[in-house]
Amino acid sequence: SAPEEPESPRPLAPSRSSLQEAAIRSPLGEDGGQAFHRGLLIHRLLQTLPDLAETDRAKAAREYLVRPVHGLKPDQIDAMIAETLAVFDDPACAGLFGRGSRPEVPIAGMAGGVTISGRIDRLVIGPEKVKILDFKTNRPPPTRSADVPMLYLRQMAAYRSLLRKIYIKHSVECILVWTDGPLIMPLDTQSLDAYEP
């Protein structure tokens, strides 16, 4: 008899972990998926609006959100636009959405014997530092990095591990951008080291 074939390694997709997320709302929760839908739309705005002039962003966001397919009420549209633009206007975000930054960057590779495949919300590449941004729309967001769910730490640690292999002369910083606030939360090295793949 021929020997059994080894199982193909299943890629670890950090943003779609098998771990349960300690989320405030479920995509299929009591709100009929509205919070999940809201998060997807805000992610889309954060991805596309930085390419426009600041004076054009509000108008472009409104034109996108008023489309009937989204099924939003005027007050919901106003709230999403305000939340998104607040991220761009926050002084802590200076330099995170300008030249040298890229949205929705696919990433794949091996780290610690594990195959990793994912997508970085925004990647900022500077002369000496690489910054990994991950947008979170949870409400309310944690106010301390110590309260960040383990799922998010594992996700960012996996991305950091791969990027360290690519940008060997750069330091790699991981930042969670909580849009409710907004709150810009750099993750400390020790917290990420504990989840290094």
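Everything below is about the structure printed above this text.
A brief structural summary.

1. Examining the overall build of the chain
Then, in step 1: Across its full length, the chain holds five helices and five strands.
Then, in step 2: Looking at the 197 residues of the chain, the share that counts as buried comes to 39%.
Then, in step 3: Nonlocal contacts in the chain, meaning residues at least 24 apart in sequence, comprise 65% of its contacts between residues at least 6 apart.
Then, in step 4: Here the chain displays about 11,500 Å² of accessible surface, and carbon together with sulfur accounts for 52% of that area.

2. Some thoughts on the sheet that holds strand β5 (residues 183-186)
Then, in step 1: Overall, mixed pairing links the five strands, which are arranged β1-β2-β3-β4-β5 in an open sheet. The open sheet has two edge strands with one neighbour each: β1 (101-111) and β5. Pairs of neighbouring strands in the sheet enclose a mean axial angle of 40°, with direction left out of account.
Then, in step 2: Two elements, strand β3 (residues 129-136) and strand β4 (residues 171-178), share eight bridges in a ladder whose sense is parallel. When the bridges of β4 are listed, lysine 131 appears paired with glutamate 173.
Then, in step 3: Along the sheet, helix α4 (residues 150-166) contacts β1, β2 (114-125), β3 and β4; its crossing angle with β1, the most-contacted strand, is approximately 85°.

3. A short note on unusual backbone geometry
Then, in step 1: Not every positive phi belongs to a glycine, and glutamate 104 is a case in point at roughly 50°.
Then, in step 2: Topologically, glutamate 104 is positioned in strand β1.
Then, in step 3: We classify glutamate 104 as partly exposed; its relative accessible area is 23%.

Rules used throughout
Residues numbered from 1 in each chain as written. Predicted model: local features only at pLDDT ≥ 70, side-chain atom pairs only at ≥ 80, totals over all residues. Heavy atoms only, no water. Helix = DSSP H or I, 4+ residues; strand = E, 2+ residues; numbered from the N terminus. Buried < 20%, exposed > 50% of the residue type's maximum accessible area, 1.4 Å probe, protein only. Contact = heavy atoms within 4.5 Å. Areas by Shrake-Rupley, 256 points an atom, 1.4 Å probe, with all protein chains shown as cover. Pairing = 2+ DSSP bridges. Axes fitted to C-alpha atoms, helices over the stretch in contact; angles between N-to-C directions.

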